[in-house]
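Residue-level listing of the chains:
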Amino acid sequence: MTLTRRALLRTGGAAGLAAATAGAGFVLGRETDAGGGPDHVVAFHGPHQAGIATAAQDRLHFAALDVEPGVTRADLRDLMARWTAASERLTRGLDVGAGASSAALAPPDDTGEAVGLSAANLTVTFGVGPSLFDDRFGLAGRRPAALGPLPALPGDALDRSRSDGDLCVQACADDPQVAFHAVRNLARLGRGVVTVRWSQLGFGRTSSTSTAQATPRNLMGFKDGTANVKAEDARAMDEAVWVGGRPDEPAWLRGGSYLVARRIRMLIEVWDRASLGDQEQTIGRHKRSGAPLGASDEFATLRPASLPPDSHVRLAHPDTNRGARLLRRGYSFTDGLEALGQLDAGLFFLAYMRDPSAFITLQNRLGTSDKLNEYIKHVGSGLWAVLPGVRPGAVLGSALLA
Ligand SMILES: C=CC1=C(C)c2cc3[nH]c(cc4nc(cc5[nH]c(cc1n2)c(C)c5CCC(=O)O)C(CCC(=O)O)=C4C)c(C)c3C=C
Ligand SMILES: [Fe+2]
């Protein structure tokens, strides 16, 4: 039996916990392989952080955070220790610290809205932004050459209040309240050290990261993620996603990755007036099947030269971009209506890569020539180095912050 929040409730809180764990065969949150198991727990520990190669869940809560004035590198190390311990518990379906009923005369350690919910395959993934390597923490000498602010890119219409951040945390789960709860409690643990700069909720994954997953659809109604880098392709993961041992790759980041986030608004009212033929010519794939234009199987080999020159997949294909590949892990979002009464909805594009130059190469091409630009607007942006994973007992980011 695995003790999730629900099981803990059934067994009657702390007393039940002691009784239950005393019995043979009981474990606190059985850890499973990348896809999560019957108990909906994705392993937190490992050479890479979970939430990259692990199967993409359905919901997202993403936050970018800034470090408060006066904070020291030692304070950051303490925060990472608190975040590591809390994340390890949250991903097993347990409350933070002593829980949601920890003390009658003080605010409880945990905010409580996930009590009774399963771990829901929660993953929490942490990154550090270029601004963390300024003169505040003595980290300038450790900044990887690849971790600068993203250059201005064609088509940028960026809102700076929805861009960048010293740190980021990506929480993904199959229950929106579990993802929300994770970020809320991590931000709470960081009070006095960090503040949330901006955040984004996402519903509905827009890519598959495993061959075992069906390809989902984005808000334009197209299958998205068909040609994604998948976790089963170990060679592609090593070549295109994980930071390795090249001389320009710092040791503290080995086993980590880089994350680009782009809040991309879809001009949905315009898209909805385009004919099916126009929509398919824009993407370069058929809408219903997801197959390349002219084919009927979603996974048929895509021949870029046979597609319209300004179609999205032709321009995004590795053959058009000196082999550049990304692991896409984005989510659909909606935040109601914008000032002019149009839907504020689209794709919260998240992509992991071994080198940010892969995204820069792609977006320079797409931003200049993609027919999809008639229907989208990049309004938020960020780049972070995503820390390597940790062994049990170790603290995330300790090699960087030592
Ligand atoms: C800079 C990288 C990319 C951005 C930004 C981007 C935005 C974006 N994409 C879609 C919809 C689809 N994209 C598809 C494929 C695809 N997209 C990128 C990169 C970016 N997309 C790549 C590398 C690829 C794969 C190309 C290939 O190798 O064939 C597809 C087709 C299905 C699939 O393979 O995933 C769709 C659909 C939207 C709507 C969007 C911005 C809102
Ligand atoms: Fe795309």
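Residues numbered from 1 in each chain as written. Chains lettered and ligands numbered in written order. Predicted model: local features only at pLDDT ≥ 70, side-chain atom pairs only at ≥ 80, totals over all residues.

**As for the overall build of the protein**
And step 1. A count of helices and strands for the protein gives 10 helices and 9 strands.
And step 2. Along the first, second and third principal axes, the C-alpha atoms of the protein reach 65 × 45 × 45 Å.
And step 3. The proportion of buried residues among the 402 residues of the protein is 44%.
And step 4. Sequence-distant contacts in the protein: of pairs separated by 6 or more residues, those separated by 24 or more amount to 72%. (Helix = DSSP H or I, 4+ residues; strand = E, 2+ residues; numbered from the N terminus. Buried ≥ 20, exposed ≤ 12 C-beta atoms within 10 Å, placed from the backbone. Contact = placed C-beta atoms within 7 Å.)

**Comments concerning the site of ligand 1**
And step 1. Near ligand 1 you find 29 residues, and of these Phe222, Thr226, Ala227, Ala316 and Leu347 are the closest.
And step 2. Sort the elements by how many residues they give to the shell around ligand 1 and helix H9 (residues 357-369) lands first, with 4 residues.
And step 3. Residues that form the shell around ligand 1 fall into these classes: 17 nonpolar, 8 polar and 4 charged. (Near = placed C-beta within 6 Å. Nonpolar A, V, L, I, M, F, W, Y, C, P; charged D, E, K, R; others polar.)

**A short note on the environment of Asp109**
And step 1. Tracing the backbone shows Asp109 in the loop between helix H3 (73-90) and strand S2 (123-128).
And step 2. With 19 C-beta atoms counted inside 10 Å, the residue Asp109 sits in the partly exposed group.
And step 3. Separated by 10 residues in sequence, Asp109 and Gly99 have C-alpha atoms that sit 5.4 Å apart.
And step 4. Residue contacts for Asp109: discarding those within four places in its chain leaves Val96, Gly97, Ala98, Gly99 and Ser102.

**Side note on the packing of H3 against helix H4 (residues 176-189)**
Working note: a packed helix pair is described by the angle between its axes plus the distance between those axes.
And step 1. Where H3 meets H4, the axes come as close as 10 Å, and the angle between the chain directions of the two elements is 155 degrees. Considered as vectors, H3 and H4 are oriented roughly antiparallel to each other. Crossing of H3 against H4: the hand is right-handed. Facing Arg82, Trp83, Ala86 and Leu90 of H3, the residues of H4 in contact are Ala182, Asn185, Leu186 and Leu189.
And step 2. In terms of residue class, the contact of H3 with H4 is built from 6 nonpolar, 1 polar and 1 charged. (Axes fitted to C-alpha atoms, helices over the stretch in contact; angles between N-to-C directions. Parallel < 35°, antiparallel > 145°, perpendicular 65-115°, else oblique. Left-handed = near helix turned anticlockwise from the far one by under 90°.)

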